[in-house]
Amino acid sequence: TQLLEQSPQFLSIQEGENLTVYCNSSSVFSSLQWYRQEPGEGPVLLVTVVTGGEVKKLKRLTFQFGDARKDSSLHITAAQPGDTGLYLCAGAKGTGANNLFFGTGTRLTVIP
Amino acid sequence: GAGVSQSPSNKVTEKGKDVELRCDPISGHTALYWYRQRLGQGLEFLIYFQGNSAPDKSGLPSDRFSAERTGESVSTLTIQRTQQEDSAVYLCASSQRQGASIKETQYFGPGTRLLVL
């Protein structure tokens, strides 16, 4: 049973379009992180959100943590080919968590 | 080196053989994690080392899996009597863990791609 479900699983869009990726769970997390993973490489951390309702912006990427700290979304404005990759959300449970629970991932392809 | 390194980058083995995967964390990072990533799936936590504390082995899927770390240096993940379902990418991450901080950043290595025939 996957603790964090991401949708959509696959997304292919044209350069310049906007998109939103979702990360949902029935569990409450103390924090949630988003990573991007490119082929042949390990995931790279994009952002950490801690407070329910928190919104963080990273250039064209906007991350939101749900009010109940059970879900999150990633919105990309004017997608670029360089945004192509596997986007993973990961939730930490408890302040002393020794590990993160990773989502199923969304594989994004931005077509030039 | 500047980042986390793992070796080998690729490993093909026959069912029933033992394999050893190596992880070199970022110098000075006290925490080290191993994850498994099956094709098309997210990361599955395997084991966590923090300094000289007893490791958290709660994610190891069976007793065929074990890992060691000497101090705050290299770690080795060993899979004995490999099975075809062990085929996956094995990722290592390290971090500068500060107490019970939930804001730590994990830095991942490129992974070892294991294929069990």
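None of these values were measured; they are calculated from a predicted model.

S.K.: Got a sec to walk through unusual backbone geometry? Specific residues and values, please.
M.R.: Geometrically, the link from Ser7 of chain A to Pro8 of chain A is a cis peptide bond, its omega value of -5° lying close to zero. The topology assignment puts Pro8 of chain A in the loop between β1 (5–7) and β2 (10–14). The linkage connecting Ser7 of chain B with the following residue, Pro8 of chain B, adopts the cis geometry, with an omega of -10°. Relative to the elements of secondary structure, Pro8 of chain B occurs in the loop between β1 (5–7) and β2 (10–13). Despite not being glycine, Ala78 of chain A shows a phi value in the positive range, around 50°. Within the secondary structure, Ala78 of chain A sits in the loop between β8 (71–76) and β9 (85–92). Residue classification places Ala78 of chain A among the partly exposed residues on the basis of a relative accessible area of 26%.

S.K.: Describe the pattern of salt bridges, listing the residues and the values that go with them.
M.R.: This model, assessed by the stated rule, comprises seven salt bridges over all chains. Notably, a salt bridge pairs Glu38 of chain A with Arg36 of chain A, separated by 3.9 Å at the nearest N-O pair. Among the residues examined, Glu38 of chain A registers a relative accessible area of 32% and is labelled partly exposed. Close ionic contact of Arg22 of chain B with Asp24 of chain B constitutes a salt bridge, the shortest N to O distance being 2.8 Å. A relative accessible area of 22% means that Asp24 of chain B is categorised as partly exposed.

S.K.: Tell me about the sheet that holds β1 of chain B, and name the residues and values.
M.R.: All names here are of chain B. One open sheet accounts for four strands, arranged β1-β3-β7-β6; its pairing is antiparallel. Because the sheet does not close on itself, it has two edges, and the strands there are β1 and β6 (65–69). This sheet shows a mean twist of 15° between the axes of neighbouring strands, independent of strand direction.

Conventions used here
Residues numbered from 1 in each chain as written. Chains lettered and ligands numbered in written order. Predicted model: local features only at pLDDT ≥ 70, side-chain atom pairs only at ≥ 80, totals over all residues. Heavy atoms only, no water. Helix = DSSP H or I, 4+ residues; strand = E, 2+ residues; numbered from the N terminus. Buried < 20%, exposed > 50% of the residue type's maximum accessible area, 1.4 Å probe, protein only. Salt bridge = Lys/Arg side-chain N within 4 Å of Asp/Glu carboxyl O. Pairing = 2+ DSSP bridges. Axes fitted to C-alpha atoms, helices over the stretch in contact; angles between N-to-C directions.

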